[in-house]
Amino acid sequence: MATTQQLEDITTQVRRDILRMVHKVNSGHPGGSLGCAEFFVTLYNEIMDRKDGFDMDGIGEDLFFLSNGHISPVYYSVLARTGYFPVNELNTFRLINSRLQGHPTTHEDLPGVRIASGSLGQGMSVALGAAQAKKLNGDNHLVYSLHGDGELQEGQNWEAIMYAAGNKVDNIISTIDLNGQQIDGSTDTVLPLGSLRDKFEAFGWTVVDIEEGNNVDAILKGMAEAKSLTGKGKPVCVLLKTVMGNGVDFMMHTHAWHGKAPNDEQLAEGLSQNPETLGDY
């Protein structure tokens, strides 16, 4: 097992990757990526049971599906830093003919990516299909998914959420990145979500809260609790309370950096707050 310090060091390097990738092409989504860095690092380094290598069948291992695909910078960085493809390929982010497009796609055959997730609201349905396939195949591994809170304003989610409980899909853990921000402002301003705990519980899910979603130890503890609640006849939802732009002070607590790249000066400031730990690509 990695120590807390090791996971935090990886997270710091991932933040550097995110900033550099988005800055290079003056395009991308740093805010949500930075806010989910701790979650991705702990998920791929400690939480999921993963096999060496990659195949699309995913038999005999846990699976992950990213629904809010615009936070691809953090996804690509963590996939590279955990060995799915060479770290120096991060240099190709959002370039023509790159495997690392702005939103993940599958036709480029990028190891680690199982679905295209540019259109919001679809990841829950795909994750449920994979979870049911595991049950049919007698595979007792879990399916994990990640969704934005603003993304839950899409109606397809709620059909899938209702379906999951109605069919007792209890081998799925769906995490909601609860940062309270979306592209046009706060979620409370654009379309209030109310109590997501009450909503998921009303739909028949078991809910776990992680109040410190940018704290590695809190994530490990909360996800362990979520895992312990699987297999009991109900799907599991994790409400992960994060700060958009976490780790870069001028990007935090605002929707302004949802889809905005830092300029040269801002990049330098962001990198100064996140010293190199594993080596830049």
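Residues numbered from 1 in each chain as written. Predicted model: local features only at pLDDT ≥ 70, side-chain atom pairs only at ≥ 80, totals over all residues. Heavy atoms only, no water.

## As for unusual backbone geometry
Phi is positive for Asn97, close to 70 degrees, though the residue is something other than glycine. By the element assignment, Asn97 lies in the loop between helix H4 (72–81) and helix H5 (123–136). A residue is classified by how much of its surface remains accessible, and Asn97, at 77% relative accessible area, is exposed. (Helix = DSSP H or I, 4+ residues; strand = E, 2+ residues; numbered from the N terminus. Buried < 20%, exposed > 50% of the residue type's maximum accessible area, 1.4 Å probe, protein only.)

## Some details on the side chain of Gln13
Along the polypeptide, Gln13 turns up in helix H1 (residues 4–25). A residue is classified by how much of its surface remains accessible, and Gln13, at 0% relative accessible area, is buried. Of the polar contacts made by the side chain of Gln13, one reaches the backbone nitrogen of Leu278; its length is 2.9 Å. Aside from chain neighbours lying at most four places away, what touches Gln13 is Arg81, Glu276, Thr277, Leu278, Gly279 and Asp280. (Polar contact = N/O pair within 3.5 Å; in protein donor to acceptor, adjacent residues only side chain to side chain. Contact = heavy atoms within 4.5 Å.)

## What to know about the packing of aromatic side chains
Counted by the stated rule, this structure contains 12 aromatic pairs. Ring plane angle 80 degrees and centroid distance 5.5 Å describe the contact between Phe40 and Phe64, whose orientation is recorded as edge-to-face. A residue pair is termed long-range when its members are at least 10 positions apart, and Phe40 in helix H3 (residues 37–47) and Phe64 in strand S1 (residues 63–66) qualify at 24 residues. Of the two residues examined, Phe40 and Phe64, each falls in the buried class. A centroid spacing of 6.3 Å and a plane angle of 75 degrees characterise the contact between Phe54 and Tyr84, whose relative ring orientation is edge-to-face. (Phe/Tyr/Trp six-rings, centres within 6.5 Å; stacked < 30°, edge-to-face > 60°.)

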